[in-house]
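Residues per chain, in single letters:
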Amino acid sequence: MPDSLITNALHQRLLTLDSHVDIPWPEAEDPFFPSRRCLDIPKMREGGLKSVCLAAYIPQGARTREGFEAATSRAMAMLETITRIGRNPEARLAASVTEIEQAAAEHWPAIIPVIENGHAMGEDLSNIARFRAFGVRYITLTHNGHNALADSAVARRDLGDGPSLHGGLSDLGRAAIFEMNRLGIVVDVSHTARTAMLEAIRVSKFPVVASHSCVRALCDHPRNLDDEQLDALAASGGVIQITAVPFFVQRGGSVENTSLENFCNHIDHVVQRIGIEHVGIGSDFDGGGELSDWRHAGQSVNVTAELVRRGYDEEQIGKIWGGNFRRVLKASE
Ligand SMILES: [Zn+2]
């Protein structure tokens, strides 16, 4: 059998999971049908992508009562859209590892709702339970810009940010992590400041995830995790999901000059530093992720082909392509 057929067959056997993709907002295109977007249901099927975390993304705004209310209502509206996608007859809404596995066994793409930016809850901890009712499985503590919970890796001077607001987490941020632990929501440390990330690992009772980040040893950007952060992540049992945003993959990176070869160097680095159990894949499709040879979810077999080329076996690729991430989800359930 030609190598490409063997790789294809291997890829189809995997329970693949992409841990971070953005959704249309406003809803210009319907995700159930072929679209110009990097991810839609037909592209998931074409690319053998079995499950995806769809993010209700909340841009950082003012930390005022009006700003908090606007963030919470936007989060609710986006979660309604995500659950509507998951309840379409062509897909399945999956809020647990069992539901992800069931959807795959029945050949339905699984949609896992998540929130990007804890600003969504404002200063009201009770919102976390409202989000969980939609099936939300992780909350990214911050986006770009400090919020009421934590410092961000990237300050927003246009919002009046200095380099640090809380020196890591705020009291509210620590309380939010406690509440997320209680409700089975994983803490996502992508986008958070280094201080906040390390503190979140100490505060959380369960392993944390970096849902879409690269490694700083290969690309010196504050959004990426340095080796000490990787060590702390591994000690907690967590996982870093390597992202396909070209300028996190390499300095001066663009879609045209950045490929899966560059992307998989980050996977290799994590494996060498902290082991195969702590790395995964979070494309950030439709949020800035796109590579020259992984332009959309329909080309996901190319990721497997590059991992095979590097000598990873099926069991290892299964861990990278979602097994590790599901372990972290399961730990919090
Ligand atoms: Zn992001």
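Whatever comes next refers back to the structure up there.
Note that the coordinates shown come from a computational prediction; the quantities given were computed from them, not determined experimentally.

A. Inspection of the environment of Val 328 at higher detail. For Val 328, the position within the fold is in helix H12 (residues 314–332). With 90 residues separating them in the primary sequence, Val 328 and Gly 238 have C-alpha atoms 6.5 Å apart. If we skip the residues at most four places from it in the chain, Val 328 touches Val 186, Pro 207, Val 209, Gly 238 and Val 239.

B. Structural detail: the pairing of strand E8 (residues 239–242). Burial along E8 is two-sided: Val 239 and Gln 241 facing one way and Ile 240 and Ile 242 facing the other are all buried. Judged from the two bridges that link them, strand E7 (residues 209–210) and E8 form a sheet pairing that is parallel. Residue pairing across strands places Ala 210 opposite Ile 240, the latter belonging to E8. Once the chain exits E7 it traverses helix H8 (residues 227–235) before rejoining the sheet at E8, and the crossover so formed is right-handed. Where E8 meets strand E9 (residues 279–281), three bridges bridge the pair, whose relative direction is parallel. Residue pairing across strands places Ile 240 opposite Val 279, the latter belonging to E9.

C. Expanded view of the packing of helix H10 (residues 260–274) against helix H11 (residues 301–309). Packing of H10 against H11 brings their axes to within 10 Å, and their N-to-C directions diverge by 60°. Between H10 and H11, the angle is such that the two are oblique. In this structure, H10 crosses over H11, and the sense of that crossing is right-handed. Contact residues: H10 offers Leu 260, Glu 261 and Cys 264, while H11 offers Asn 302, Val 303, Glu 306 and Leu 307. A per-class count over the contact of H10 with H11 returns four nonpolar, one polar and two charged.

D. Here's a closer look at the packing of H8 against H10. Following both chains from N to C, one finds H8 and H10 inclined at 65°, their axes separated by 10 Å at the closest point. Note on packing geometry: the crossing formed by H8 with H10 is right-handed. Between H8 and H10, the residues in contact are Asp 227, Leu 230, Asp 231 and Ala 234 and Val 270, Arg 273 and Ile 274, respectively. Per-class residue counts for the contact of H8 with H10 are four nonpolar, no polar and three charged.

Reading the values: the criteria
- Residues numbered from 1 in each chain as written.
- Predicted model: local features only at pLDDT ≥ 70, side-chain atom pairs only at ≥ 80, totals over all residues.
- Helix = DSSP H or I, 4+ residues; strand = E, 2+ residues; numbered from the N terminus.
- Contact = placed C-beta atoms within 7 Å.
- Buried ≥ 20, exposed ≤ 12 C-beta atoms within 10 Å, placed from the backbone.
- Pairing = 2+ DSSP bridges.
- Right-handed = clockwise from strand over helix to strand, strands pointing away.
- Axes fitted to C-alpha atoms, helices over the stretch in contact; angles between N-to-C directions.
- Parallel < 35°, antiparallel > 145°, perpendicular 65-115°, else oblique.
- Left-handed = near helix turned anticlockwise from the far one by under 90°.
- Nonpolar A, V, L, I, M, F, W, Y, C, P; charged D, E, K, R; others polar.

The quantities given are spatial measurements derived from coordinates; they are silent on function.
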